[in-house]
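# Observations on the three-dimensional arrangement
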Amino acid sequence: MVLAKGTLRKAQIRDLLEELKAVAERCGYWVREEKLLRDVGYRVRSGGCRLRERRLILLDREAPVQAQLDALVEILAAESVPEGELSPQAARLLAQARRPPLRAAGARS
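Attention here is on the structure that accompanies the text. (Residues numbered from 1 in each chain as written. Predicted model: local features only at pLDDT ≥ 70, side-chain atom pairs only at ≥ 80, totals over all residues. Heavy atoms only, no water.)

The three strands lie next to each other as β1-β3-β2, forming an open sheet whose pairing is mixed. Bordering the open sheet on either side are β1 (29–34) and β2 (47–51), each of which pairs with just one other strand. On average, each strand axis in the sheet is tilted by 30 degrees relative to the strand beside it, whichever way the strands run. Relative to strand β3 (residues 54–60), β2 runs antiparallel, the two sharing five bridges. Within the sheet, the bridge partner assigned to cysteine 49 lies in β3 and is leucine 56. Sheet contacts for helix α1 (residues 10–26): β1 and β3; angle to β1, the most-contacted strand, approximately 140 degrees. Packing of helix α2 (residues 65–76) onto the sheet brings it into contact with β1, β2 and β3, and relative to β3 it is tilted by some 155 degrees. (Pairing = 2+ DSSP bridges. Helix = DSSP H or I, 4+ residues; strand = E, 2+ residues; numbered from the N terminus. Axes fitted to C-alpha atoms, helices over the stretch in contact; angles between N-to-C directions. Contact = heavy atoms within 4.5 Å.)

Here the focus is α1. In this model α1 runs 25 Å from its N-terminal to its C-terminal C-alpha over 17 residues, within 8% of the 24 Å that 1.5 Å per residue would give. For α1, the full list of buried residues reads Ile13, Leu16, Leu17, Glu19, Leu20, Lys21, Val23 and Ala24. On its buried face, α1 is in contact with β1, β3, α2 and α3 (88–98). Two residues or fewer after α1 comes glycine 28, characterised by a positive phi angle close to 100 degrees. (Expected span 1.5 Å × (residues − 1). Buried < 20%, exposed > 50% of the residue type's maximum accessible area, 1.4 Å probe, protein only.)

Turning our attention to unusual backbone geometry. In the Ramachandran plot, arginine 52 falls in the positive-phi region, its phi being about 55 degrees despite a non-glycine side chain. Inspection of the secondary structure puts arginine 52 in the loop between β2 and β3. With a relative accessible area of 74%, arginine 52 lands in the exposed category.

This paragraph deals with the side chain of glutamine 68. When you line up the elements, glutamine 68 lands in helix α2. Looking at glutamine 68, its side chain comes within polar contact range of the main-chain oxygen of alanine 63, at 3.0 Å. Ignoring any residue separated from it by four or fewer positions in sequence, one finds glutamine 68 in contact with Leu17, Glu33, Leu59, Asp60, Arg61 and Ala63. (Polar contact = N/O pair within 3.5 Å; in protein donor to acceptor, adjacent residues only side chain to side chain.)

It is worth stressing that arrangement in space is one thing and function is another; only the former is reported here.
Below is the structure:
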């Protein structure tokens, strides 16, 4: 999860989601919110894919807003988004997602 639980109110998370959806579209993605069907034996989650020549982000509209936001942040962290186009909170989220994970002390590469 990108945000610490309780850091932002639900309305703020929703605003960030809308902002990042607009950013994704400016980066050339087609963003759709769909009811992703579930069935026994496989796990469905929001994410990106390519449909012919078009880059697509499918957000599970039945998933919590936080999960949708996390999916967008994960995808956009790989893009070069000018920070001038982002709110301070959105810029912070993308910067956090771009940082490499910390390795445990004594771990070998």
